[in-house]
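Analysis of the macromolecular model
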Amino acid sequence: AAAGRPAGSTPSAQPVPRSFLELKLSLAGTLESAGRWDEALDAYDAVLEALAGQPENRFEFLAKAWSRKAAISLWKGRSEDALRFVKKGMSFIREPSALEIEVRTVLASCHLGSGDLATAVVEYEAVLSRLADADDLVKEGQVLSNLAIAHAAAGELSQAEGRYLEAIEAHAKAGYAKGQS
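Here the structure is a predicted model, which means the values were calculated and not measured.

A look at the packing of aromatic side chains
Within the structure shown, the criterion is met by three aromatic pairs. Judged by centre distance (5.6 Å) and plane angle (35°), the ring pair of tryptophan 66 and phenylalanine 85 falls under tilted. Here tryptophan 66, found in helix α3 (residues 59-75), pairs with phenylalanine 85, found in helix α4 (residues 79-90); they are 19 residues apart in sequence, far enough to count as distant. In terms of burial, tryptophan 66 and phenylalanine 85 fall into one category: buried. Directly above the aromatic system of phenylalanine 85 lies the positively charged group of lysine 69, at a separation of 4.6 Å from the ring centroid. Between the NZ or CZ atom of arginine 94 and the centre of the ring of phenylalanine 59, over which it lies, the distance is 3.9 Å.

Listed below in structure tokens is the structure:
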């Protein structure tokens, strides 16, 4: 069977409209934001179920659903599940994009959460290199902060300090200095 589809399934005659899949992802994201993680996991599973038997050109929906399942699993302390889910999400990334940055950030966080600090550093560095062209100072600051956490956890305190200072600078450039939030 093709990746993302159950064994024995075939593409359905009627593709599920993108707008329907976007609505399902929005519902899952809302549940996730509300901290209703079990319901969000079920909603992301519903997205994946809706994609079963669909044409292969729905990679971005598969990547997003698997990535968000990974993030929730990580928050719930299930780092092995999180790493397995995010790797599935990464397998659907076809080109550099904002989605790739998002999924790769979750991948780095999964490595950080599982204690694989060296891999977390490598992945966060990869995200930073992709953000160089994105002009997203807030995201850059968040990734730099996570990278600092990984360095600190590895006992690399001077690297952690440097990355925290870079994160602060990125947020200041984005307008988050002097009490702005």
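Structure's up, so let's keep going.
Focus on the pattern of salt bridges
Side-chain pairs of opposite charge can arise whenever the charged atoms involved come near each other. Using the criterion set out here, one finds 14 salt bridges in the structure. With a shortest N-O distance of 2.3 Å, aspartate 38 and lysine 76 are connected by a salt bridge. Of the two residues, aspartate 38 sits in helix α2 (residues 37-51) while lysine 76 sits in the loop between α3 and α4, which places them 38 residues apart along the sequence. With relative accessibility at 48%, the residue aspartate 38 sits in the partly exposed group. Lysine 76 gets classed as partly exposed once you look at its relative accessible area, which sits at 31%. Put simply, arginine 78 and aspartate 81 hold a salt bridge, and the shortest N to O gap is 3.2 Å. Among the charged side chains, a network of salt bridges with common partners joins Glu100, Arg104, Glu123 and Arg130.

Focus: the layout of surface pockets
Where empty space is left becomes clear once a probe the size of a water molecule has been rolled over the atoms. One number sums up the size of the largest pocket: a volume of about 220 Å³. If you go around the largest pocket, the residues you meet are Arg68, Ala71, Leu74, Trp75, Glu102, Thr105, Val106, Ser109, Lys139, Gln142, Val143 and Asn146. Of all the elements in the fold, those that place two or more residues in the lining of the largest pocket are α3, α5 (98-114) and α7 (137-153). Classifying every residue of the lining of the largest pocket by side-chain character gives five nonpolar, four polar and three charged.

Focus on α4
The first and last C-alpha atoms of α4 sit 16 Å apart over twelve residues, in line with the 16 Å expected at 1.5 Å per residue. Within α4, the full set of buried residues consists of Ala82, Leu83, Phe85, Val86, Gly89 and Met90. Axial view of α4: buried residues confined to an arc of 170°, hence all on one face. For α4, the secondary structure elements touched by its buried residues are α3 and α5.

Rules behind the numbers
Residues numbered from 1 in each chain as written. Predicted model: local features only at pLDDT ≥ 70, side-chain atom pairs only at ≥ 80, totals over all residues. Heavy atoms only, no water. Phe/Tyr/Trp six-rings, centres within 6.5 Å; stacked < 30°, edge-to-face > 60°. Helix = DSSP H or I, 4+ residues; strand = E, 2+ residues; numbered from the N terminus. Buried < 20%, exposed > 50% of the residue type's maximum accessible area, 1.4 Å probe, protein only. Lys NZ or Arg CZ within 6 Å of the ring centre and 35° of its normal. Salt bridge = Lys/Arg side-chain N within 4 Å of Asp/Glu carboxyl O. 1 Å grid on protein atoms, 1.4 Å probe; cavity = no way out; pocket = protein on both sides within 12 Å on 5 of 7 lines; lining within 4 Å. Points joined across faces, edges and corners; volume = space filled by probe spheres on them. Nonpolar A, V, L, I, M, F, W, Y, C, P; charged D, E, K, R; others polar. Expected span 1.5 Å × (residues − 1). Arc of directions from axis to C-beta. Contact = heavy atoms within 4.5 Å.

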